[in-house]
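Residues per chain, in single letters:
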Amino acid sequence: MAKILLKGNEAVVRAAIEAGCRYFFGYPITPQNEIPEYFSKELPKVGGTFVQAESEVAAINMLYGAVAAGARAMTSSSSPGVALKQEGIGYISKAELPAVIVNMMRGGPGLGSIQPSQSDYNMCVKCGSNGDYRNIVMAPGNIQELVDMVIEAFDMADYYTNPVVILADGLIGQMMEPVEIKQPEVKREMPEKTWALTGKNGGEPHRIINLNLDANELEQVNIELFKKYAVIEENEQRYEEYKMDDAEYAFVSYGTASRIVRSAVNELRNEGYKVGMIRPLLLWPFPEKAFEGKDHIKKYMDVEFSMGQMVDDVKLACNDKHKVEFYGRAGGVIPSVNEVVDFAKKVMGGAQ
Amino acid sequence: MAVLFEKTKGMTDVKTHYCPGCTHGIVHRLVAECLEEMGELDNAIDVSPVGCAVLALNYFNFDGIQAAHGRAPATATGIKRVHPDKMVLTYQGDGDLASIGMCEIVHAAARGEKITTIFINNGIYGMTGGQMAPTTLPGMKATTAPYGRDVSLQGYPIRVCEMLSTLDGSKYIERVAVDSPANVIKAKKAIRKALETQKAGLGFSLIEVLSTCPTNWGKTPVEAVKFVKEEMIPYYPLGVYKDSTKEEE
């Protein structure tokens with residue numbers, strides 16, 4: 001298929017429809033408004049349903065109902081809106097239902113700004129609702145990855161019966177790049193949705209439970225959830241290594257921030273620095289394997305559009321917090337390549 | 001020997017957790033009987049609330065899901081949009097529907113979602129132990145209104161049927177009570193009418209049921225029924241508040 005030029009937010013819609021998503025529930029918030037707008041235009045053409053919910057809270061709970069009913073469905077929002085969805089995401093996680101949630105992050109905290117940011121790492125990767133649970137979190141760095149990840153997210157959600165969060169930012173949402181809409185490379189055997197609310201049709205009723213009053217029973221639910229999470233941690237660690245073969249120093253960066261870091265790596269390489277980048281493609285499970293066998297790396301340089309959130313996972317993954325340095329800009333400010341290069345030079349000293 | 005009464009197939013044999021004198025059991029039965037009589041038990045999906053009826057899905061012998069507090073109408077919206085041919089109902093108490101979930105119920109009604117809501121109004125938070133509800137009567141005692149609800153400080157009760165009946169998406173709205181055999185029969189007719197409204201695809205329907213909570217009211221079951229009749233019905237008049245089913249058909 002030929003490449004087409006798409007804005008990130010529109011690409012989400014095209015990808016979701018390609019993946020068989022026929023239901024979208026959302027509420028307006030900048031910088032992701034093209035997603036509900038484009039869905040409202042496109043879904044009726046494919047027999048789908050768009051509902052503009054009365055709130056983010058309602059939208060996530062509509063999604064809970066739609067996925068419980070067995071459909072492929074999604075919602076999208078941006079940081080403050082995703083904060084409102086956290087409770088519902090917890091319910092969907094507890095009920096072990098497949099759902100896709102897109103977060104086009106903007107500056108925070110509070111109402112924050114409408115500029116791009118990565119300050120929802122903790123909320124989305126560490127999971128912001130009550131209780132012990134995990135969501136699969138994908139971090140696209142360009143529009144093609146966004147398309148591929150959205151399409152695969154529906155498969156992963158169905159396969160693991162678990163929410164999948166696409167953690168992108170306003171830059172990804174707003175910029176245009178040529179993309180190809182294609183089916184995922186990984187083909188999974190999809191389990192049948194025997195649990196779906198479809199009416200009991202002569203059989204036993206389907207019951208989707210969110211309350212276990214018996215503590216031992218609920219502990220067992222938690223144990224089963226974490227057995228599933230262990231499988232995901234084993235199967236789904238994904239990352240890109242960029243110029244890491246002979247690297248002595250390594251940036252760690254994800255999403256749009258990694259684009260700036262990539263340019264910084266190129267610039268520093270031209271000046272003779274042995275530097276590369278580890279780029280997590282999924283943030284949960286965090287790609288700990290990327291840090292294995294890398295004791296020779298002198299410093300990890302974590303760069304984020306935040307005051308430092310992923311940096312905690314980098315410290316755990318490399319198992320030496322003294323090796324980890326951080327540089328970030330917050331509130332929607334995007335660092336320049338020069339800033340990142342200067343930060344790296346300070347860390348590396350004269351180590352060309 | 002002729003069979004005069006049989007338990008509906010719409011209820012399981014699970015023993016309910018409801019207190020003696022609580023009318024949840026009656027309302028569950030009426031809903032289940034209506035669905036059975038309509039031949040809809042295979043097609044029905046219940047959305048249970050947070051509150052005393054959170055376990056209703058264990059008692060109903062049809063599909064069910066437990067929603068977040070107040071969000072049952074949103075969750076039901078998601079289910080109904082995926083399965084427009086199924087019977088989708090929410091079963092909510094007054095804290096769930098009229099306090100934390102007011103936004104969701106108003107907008108589900110405004111959108112004319114083709115769902116049926118059974119709204120249990122007993123003027124109190126039951127499951128959490130008798131706190132003041134949005135429907136607690138003026139002067140009525142609750143654990144968070146120990147001196148009785150003072151409307152100058154705690155505001156006035158909300159009349160849900162009156163409010164929702166102003167919305168064009170609401171097609172059938174009725175308030176009933178289950179304080180007497182005659183009213184129980186009327187309540188069943190109302191529930192049947194609401195479910196028929198959904199089945200005909202006309203729009204949103206809601207039946208408010210004035211119910212008892214002897215435990216948290218500090219009354220015997222007999223006193224509780226009397227309280228519904230003498231105190232609640234005068235504040236929350238029974239009757240049909242909206243019926244546009246004829247115009248729609």
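Residues numbered from 1 in each chain as written. Chains lettered and ligands numbered in written order. Predicted model: local features only at pLDDT ≥ 70, side-chain atom pairs only at ≥ 80, totals over all residues. Heavy atoms only, no water.

Per the secondary structure count, chain A includes 11 helices and 15 strands. Radius of gyration (C-alpha) of chain A: 20 Å, near the 20 Å computed for a compact globule of 352 residues. Counting only C-alpha atoms, chain A reaches 75 × 50 × 40 Å along its principal axes. Relative to its 352 residues, chain A shows a buried fraction of 59%. When the accessible surface of chain A is split by element, carbon and sulfur atoms take 49% of a total near 13600 Å². (Helix = DSSP H or I, 4+ residues; strand = E, 2+ residues; numbered from the N terminus. Rg over C-alpha atoms; globule rule 2.2 N^0.38 Å. Buried < 20%, exposed > 50% of the residue type's maximum accessible area, 1.4 Å probe, protein only. Areas by Shrake-Rupley, 256 points an atom, 1.4 Å probe, with all protein chains shown as cover.)

As a further point, take the interface of chain A and chain B. On the side of chain B, 35 residues touch chain A, which itself brings 34 residues to the contact. The three residues of chain A that bury the most area against chain B are A:Glu54, A:Lys200 and A:Arg207, which together make up 22% of that side's buried surface. Applying the counting rule to chain A against chain B returns one salt bridge. At the boundary of chain A and chain B, one finds 21 residue pairs in polar contact (both at pLDDT 80 or more). Broken down by element, the residue count for the side of chain A that touches chain B peaks at eight residues, all from helix α3 (residues 56-68) of chain A. Both strand β9 (residues 207-208) of chain A and strand β2 (residues 63-66) of chain B contribute to a ladder of two bridges, which runs parallel. From the neighbouring strand, A:Ile208 faces β2(B), where its bridge partner is B:Ile65. (Contact = heavy atoms within 4.5 Å. Buried area = accessible area lost by both parts, 1.4 Å probe. Salt bridge = Lys/Arg side-chain N within 4 Å of Asp/Glu carboxyl O. Polar contact = N/O pair within 3.5 Å; in protein donor to acceptor, adjacent residues only side chain to side chain. Pairing = 2+ DSSP bridges.)

Moving on: the sheet that holds β2(B). Read across the open sheet, the eight strands follow the order β9(A)-β2(B)-β1(B)-β3(B)-β4(B)-β6(B)-β5(B)-β7(B); overall the sheet is mixed. Looking at which strands have only one partner, the edges of the open sheet turn out to be β9 of chain A together with β7 (239-243) of chain B. In terms of strand pairing, strand β1 (residues 44-48) of chain B meets β2(B) through four bridges, oriented parallel. Its bridge partner lying in β2(B), B:Val47 is registered against B:Ile65. Along the sheet, helix α8 (residues 181-199) of chain B contacts β3 (87-93), β4 (116-121), β5 (170-177), β6 (204-210) and β7 of chain B; its crossing angle with β5(B), the most-contacted strand, is approximately 165°. (Axes fitted to C-alpha atoms, helices over the stretch in contact; angles between N-to-C directions.)

Residue and element names in this part refer to chain A. Between helix α1 (residues 8-18) and helix α6 (residues 143-160), whose axes approach to 8 Å, the crossing angle comes to 35°. In this structure, α1 crosses over α6, and the sense of that crossing is right-handed. Contacts between α1 and α6 involve Gly8, Ala11, Val12, Ala15, Ala16 and Glu18 on the former and, on the latter, Ile143, Leu146, Val147, Val150, Ile151 and Phe154. Looking at side-chain class alone, the contact of α1 with α6 contains 10 nonpolar, one polar and one charged residues. (Left-handed = near helix turned anticlockwise from the far one by under 90°. Nonpolar A, V, L, I, M, F, W, Y, C, P; charged D, E, K, R; others polar.)

Two aromatic rings are characterised by how far apart their centres lie and by the angle between their planes. In this structure the tally under the stated criterion is 15 aromatic pairs over all chains. Measuring from centroid to centroid gives 5.2 Å for A:Phe291 and A:Tyr300, while their planes differ by 55°, and the two rings are tilted. You'll find A:Phe291 and A:Tyr300 in the same group, each marked buried. By way of ring pairs, the aromatic residues A:Phe24, A:Phe39 and A:Phe50 are connected into one cluster. The residue whose ring lies beneath A:Arg262 is A:Tyr242, and the NZ or CZ to ring-centre distance is 4.7 Å. The aromatic ring of B:Tyr235 is capped on one face by B:Arg159, whose charged end is 4.1 Å from the ring centroid. (Phe/Tyr/Trp six-rings, centres within 6.5 Å; stacked < 30°, edge-to-face > 60°. Lys NZ or Arg CZ within 6 Å of the ring centre and 35° of its normal.)

With that out of the way, let us pick up helix α10 (residues 221-235) of chain B. All names here are of chain B. Its 15 residues place the ends of α10 20 Å apart at the C-alpha level, agreeing with the 21 Å of an ideal helix rising 1.5 Å per residue. The largest bend in α10 comes to about 35°, at valine 228. Burial in α10 covers these residues: Ala224, Phe227, Val228, Met232, Ile233 and Tyr235. Where the residues of α10 are buried, they touch β4, β5, α8, β6 and α9 (214-217). (Expected span 1.5 Å × (residues − 1). Bend = angle between axes of the 7 residues up to and from the residue.)

As a further point, take the domain arrangement of chain A. All names here are of chain A. Segmenting chain A into domains produces domain 1 (4-190 + 208-235) and domain 2 (240-348). Listed by partner, the interface residues are 36 residues for domain 1 and 23 residues for domain 2. Carbon and sulfur atoms make up 52% of the area that domain 1 and domain 2 hide from each other, which totals about 2400 Å². When the area that domain 1 buries against domain 2 is broken down by residue, the three leading residues are Gln118, Tyr121 and Ala139, summing to 29%. Taken together, the connections running from domain 1 to domain 2 amount to four salt bridges. The partner of arginine 279 in a salt bridge is glutamate 145, and the shortest N-O contact between them spans 2.5 Å. Across the domain 1-domain 2 interface, the total number found is 17 residue pairs in polar contact (both at pLDDT 80 or more). Elements supplying a minimum of two residues to the side of domain 1 that touches domain 2: α5 (121-125), β6 (136-138), α6, β7 (163-169), α7 (170-174) and α8 (215-235). Sorting elements by how many residues they give to the side of domain 1 that touches domain 2 places α8 first, with four residues. The class makeup of the residues in the side of domain 1 that touches domain 2 is 17 nonpolar, 11 polar and eight charged. (Domains from an automatic or database assignment.)

Glancing now at the pairing of β1(B). All names here are of chain B. Where burial is concerned, most of β1 is hidden: five out of the five residues are buried. Taking every second residue as pointing to the same face, both faces of β1 are buried, with Ala44, Asp46 and Ser48 on one and Ile45 and Val47 on the other. As paired strands, β1 and β3 are joined by four bridges and run parallel to one another. Opposite valine 47, over in β3, you have threonine 90 as the bridge partner.

Attention now moves to the sheet that holds strand β12 (residues 275-280) of chain A. Residue and element names in this part refer to chain A. Read across the open sheet, the five strands follow the order β10-β12-β11-β14-β15; overall the sheet is mixed. Strands at the two margins of the open sheet, each flanked by one partner only, are β10 (239-242) and β15 (324-328). Adjacent strand axes in the sheet meet at a mean angle of 20° when their direction is disregarded. Pairing geometry for strand β14 (residues 299-304) and β15, over five bridges, is parallel. Paired with valine 303 across the two strands is tyrosine 327, which belongs to β15.

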